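# A look at the structure
Here is what each chain is made of, one letter per residue.
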Amino acid sequence: MSATHNHPAPAPLGGPLVTPVTITLAILVAVAFIILGIRFVLGIGAVTNVSDGYPFGIWIAYDVVVGSAFACGGYAMAILVYIFNKGEYHPMVRPALLASMFGYTLAGASVIFDLGRYWNTWHIFWPGYAQVNSVMFEVAVCITAYIVVMMIEFSPAFLEKFGLKDIHKKLNKVLFFIIALGVLLPSMHQSSLGSLIVVFGNQIHPLWQTVMLPLLYLLTAVMIGFAIVIFESCLSSSGFKRPLELHLLTKLSRLMTGMLVVYLVVRLTDLAVRGVLGYIFEPSLEAVMFWVEMGLFIAPLFILWQPASRVKPVRLFVSAFCLLFAGFFLRINAFLVGYETGAGWHYFPAVPEIMVSVGLVALEILGYIVLVRYLPILPREEKI
Amino acid sequence: MKRREFLKGALAGGALLATSSPAEARPNKTMPPEAVGLLYDSTLCIGCKACVAACKEANDMPPEFSTVEQYWDTPLDISGKTLNVIKMYKEGSGATKDSEHNGHAFMKFSCLHCVDPSCVSACPVSAMTKDPVNGIVSHDKSACIGCRYCVAACPFGVPRFQYDRPFPQITKCQLCKHRMAEGQYAACAYVCPTGATLFGKMTDLNAEAKRRLALKPGEDTEFPRGNLTTHDQSSFPAKAAKYLPQIYGDKELGGTQMIKLSAVPFEKLGMPTLPERSYAATSETMQHTLYGGLVLPLVFLGGLTFIAKRNVKNDGEDEKE
Ligand code: SF4
Ligand code: SF4
Ligand code: SF4
């Protein structure tokens, strides 16, 4: 991520750190930590509604499966800038990467809260314990490696700040390889997040159990990556009172629309070929949730179909928002709503369980605000 | 321009690899040579729950209460405290045993020791393992990270987890392998008064199951008890029931090492209807096609590195087209 000549260089934003927003966020974080304290003393059952019928709750389905997809902005931008050589998106890489690094690190760390025997976590990476046929193994190793790769990708921001030019130069020489890894690893684990439920077999409703899972999760991860960049750009431009990089967002939204078409064709063809389309007309919770999910995928297509819509910030924001929720529902529907282990089992997240997830999001936003104020991440505003 | 050609080449290469590489579907695993297991005959089961109590004792599991007065162990389901339960099916008046309508019947719930287990395939740290010789599916709590992927994956809902403990573990029936090490066998089969739960080599158990299915309903016969292979107990004389022509666990997901007979449809007794291909095989085929020998990822990485190197170099230069 070397500085470019034709874009304004990134610079710290400055400004106050203690504001009503940051204080609120900090309180939410503190609440989450208190609940986690209880979890470690009294067991997972004390603060969550997970059970043997639903052994995975939102700490996995939301914090990890959805959370890591929401953290795909850096991945999507890296594909554009470094693989498709669209240098024009360069100013978006660093902010996107920062959000991704936060999202992934927290998704990775939050797994520890959910692991019953967390003190053994290292077994995943240890020959003799590691079980390579397990999809969980692949996901865990890939996500961990990607977190490290992102930290290296992001390190120029620190190196610049502390004036460590030598290391920065050396790093620049191998950066291309790190970047390649930074595209490979998310491609692998984002698709594998879908494959996690293949082994669940008939316990997953046919609307979400298919051998196309890796492709569907990969496509949506990239689309969510674009959506989150649009979403965050809009928020941070209004939050920090900066001009919106509208020309770039317009182009991004065009790509997003194209991918949406591809995704919908794959998704619907798969349902038709497997002959399970009938389920979507049944009066069931699954069918309703399927329509919600599909509606959220189709809405952005309607909104952005006219090129004229793609220059309207509000429409961009709304479609990005819809797509984020679409990806959210695809994953939640597959992992929780469409998961059925037999009569008598129910799951809806408990309040403390939700508060932990809320606290994680708060921590992410708080970290982002602090770092963009302190480190050179957002492009310097040109004062003419 | 060059990049575009390279991309095309990489794509073609990838497609070639995907089609020509020996990524054949992984078949179901097969029954281990010295496989041992259980035969549960629902028609012989009288619901006395001697096996539930014996299992608790043999495995040192705490009691579990479901009544207001906590007088005795009353588990309703397997759990972090219980490895084995007998459940009852009842319809209408419930009067006739082994009748689907106005009848009742029993079913034993414990690990089926699948031939190609989902739990073993799912576990990221080899805490769930299947013995290559006798086929017993064991759990090693010292390896386990408590991710509960096995709990989520098992199609029979067998592994359970202790949600109420700060240092929890996964629990499941391990076919009393600790007793086998002492020359004994499954406690549930040992105490079963009617031979409804029978221990033995899978080959013997399968032959016995087939013999029962061939009997005429009402015909007098002898039912072995305890250990079918060593004949350590006298047999139990009774009349043959009106069996369904099905050995549950013979075909389900490639077979299990606990097979079951019944007169009432298995679905009604809480046993799921399952395909013959194991979910582990489907899942592992998918993973191996994508990541086998890391071939595809390395090819992909090579392509990405090449492209990234070009584009990062351009990075500092003029990017305007
Ligand atoms: S029944 Fe479940 S726990 Fe037992 S071997 Fe099969 S998959 Fe594993
Ligand atoms: S809970 Fe333990 S045994 Fe089960 S899959 Fe996870 S690590 Fe393996
Ligand atoms: S084999 Fe042993 S552990 Fe398994 S159900 Fe029977 S008594 Fe319990």
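It should be emphasised that the depicted structure is a prediction, and the values quoted were computed from it without experimental measurement.

### Considerations on the overall build of chain B
Along chain B, the regular secondary structure elements total 9 helices and 12 strands. A burial count over chain B gives 52% of its 321 residues as buried. Carbon and sulfur atoms provide 59% of the accessible area of chain B, an area that totals close to 14,700 Å².

### Here's the deal with the sheet that holds strand β2 (residues 85-90) of chain B
All names here are of chain B. An order of β2-β4-β3 is seen for the 3 strands of this open sheet, with the pairing classed as mixed. The open sheet has two edge strands with one neighbour each: β2 and β3 (96-97). Where β2 lies against strand β4 (residues 103-109), 6 bridges are found, and the strand directions are antiparallel. Across the sheet, Tyr89 pairs through a bridge with Ala105, a residue of β4.

### Comments concerning the environment of Leu213 of chain B
Considering the arrangement of structural elements, one finds Leu213 of chain B in helix α7 (residues 202-214). Setting aside its immediate chain neighbours within four residues, Leu213 of chain B contacts Tyr243, Leu244, Pro245, Gln246, Ile247 and Leu261 of chain B.

### Section: the interface of chain A and chain B
Contacts between the two partners involve 67 residues from chain A, matched on the other side by 63 residues from chain B. Both faces considered, chain A and chain B share a buried interface measuring about 5,500 Å² in area, 59% of it formed by carbon and sulfur atoms. On the surface where chain A and chain B come into contact, there are 1 salt bridge. When the shortest N-O distance is used, the salt bridge between Arg148 of chain B and Asp114 of chain A registers 2.9 Å. Run the count over chain A and chain B and you get 34 residue pairs in polar contact (both at pLDDT 80 or more).

### Comments concerning the site of ligand 3
All names here are of chain B. Around ligand 3, the structure places Cys55, Asn59, Asn84, Lys108, Ser110, Cys173, Leu175, Cys176, Ala186, Ala187 and Cys188. Counting residues per element, the ones that place at least two in the shell around ligand 3 are α2 (50-59) and α6 (187-191). In terms of residue class, the shell around ligand 3 is built from 7 nonpolar, 3 polar and 1 charged.

### Some words on the domain arrangement of chain B
Domain parsing of chain B yields domain 1 (3-27 + 281-320) and domain 2 (39-277). Between the C-alpha centres of domain 1 of chain B and domain 2 of chain B there is a distance of 46 Å.

### Description of unusual backbone geometry
Residues and elements named next belong to chain B. Backbone geometry places Asn102, a non-glycine residue, at a positive phi of 50°. Position of Asn102 among the secondary structure elements: in the loop between β3 and β4. At Leu294, a residue that is not glycine, the phi angle is positive and equals roughly 55°. Among the secondary structure elements, Leu294 is positioned in the loop between α8 (279-291) and α9 (295-315).

### Overview of a nonpolar patch on the surface
A contiguous nonpolar surface patch, about 440 Å² in accessible area, is contributed by Leu17, Val18, Ile23, Ile27 and Val370 of chain A. Summarising the element assignment, Ile27 of chain A is placed in helix α1 (residues 20-42).

### Regarding the environment of Ala145 of chain A
Residue placement: Ala145 of chain A occurs in helix α5 (residues 135-161). Measuring from C-alpha to C-alpha, the distance between Ala145 of chain A and Leu181 of chain A comes to 9.0 Å, with 36 residues separating the pair along the chain.

### So, the side chain of Ser99 of chain B
Residues and elements named next belong to chain B. One can find Ser99 in the loop between β3 and β4. Looking at Ser99, its side chain comes within polar contact range of the main-chain oxygen of His101, at 2.7 Å. Leaving out residues up to four positions away in the same chain, Ser99 has contacts with Tyr89, His104 and Val264.

### Observations concerning a positive patch on the surface
Residue and element names in this part refer to chain A. Residues Lys165, Lys169, Lys170 and Lys173 make up a contiguous surface patch of positive charge. Take Lys169: it is sitting in helix α6 (residues 165-195). According to the relative accessible area criterion, Lys169 is exposed, its value standing at 61%.

### Focus on the environment of Asn172 of chain A
By secondary structure assignment, the location of Asn172 of chain A is in helix α6. With 52 residues separating them along the chain, Asn172 of chain A and Ile224 of chain A place their C-alpha atoms 29 Å apart.

### As for the sheet that holds strand β9 (residues 197-201) of chain B
All names here are of chain B. If you walk across this open sheet you meet the 3 strands as β9-β1-β12, and the pairing is mixed. Each of the sheet's edge strands pairs with one partner strand only, and the pair in question is β9 and β12 (258-261). Between one strand and the next, the sheet's axes are offset by a mean angle of 25°, whatever the strand orientation. In this sheet, β12 lies alongside strand β1 (residues 36-41) in parallel orientation, the contact comprising 4 bridges. The residue of β12 that forms the bridge with Leu39 is Ile259. Set on the sheet, α7 makes contact with β1, β9 and β12; between it and β9 the angle comes to about 130°.

What counts and how
Residues numbered from 1 in each chain as written. Chains lettered and ligands numbered in written order. Predicted model: local features only at pLDDT ≥ 70, side-chain atom pairs only at ≥ 80, totals over all residues. Heavy atoms only, no water. Helix = DSSP H or I, 4+ residues; strand = E, 2+ residues; numbered from the N terminus. Buried < 20%, exposed > 50% of the residue type's maximum accessible area, 1.4 Å probe, protein only. Areas by Shrake-Rupley, 256 points an atom, 1.4 Å probe, with all protein chains shown as cover. Pairing = 2+ DSSP bridges. Contact = heavy atoms within 4.5 Å. Buried area = accessible area lost by both parts, 1.4 Å probe. Salt bridge = Lys/Arg side-chain N within 4 Å of Asp/Glu carboxyl O. Polar contact = N/O pair within 3.5 Å; in protein donor to acceptor, adjacent residues only side chain to side chain. Near = heavy atom within 4 Å. Nonpolar A, V, L, I, M, F, W, Y, C, P; charged D, E, K, R; others polar. Domains from an automatic or database assignment. Patch = residues over 30% accessible without salt bridge, like charges linked within 9 Å, V, L, I, M, F, W, Y side chains within 5 Å. Lys, Arg positive; Asp, Glu negative; His and termini not counted. Charge placed at Lys NZ, Arg CZ, Asp CG, Glu CD. Axes fitted to C-alpha atoms, helices over the stretch in contact; angles between N-to-C directions.

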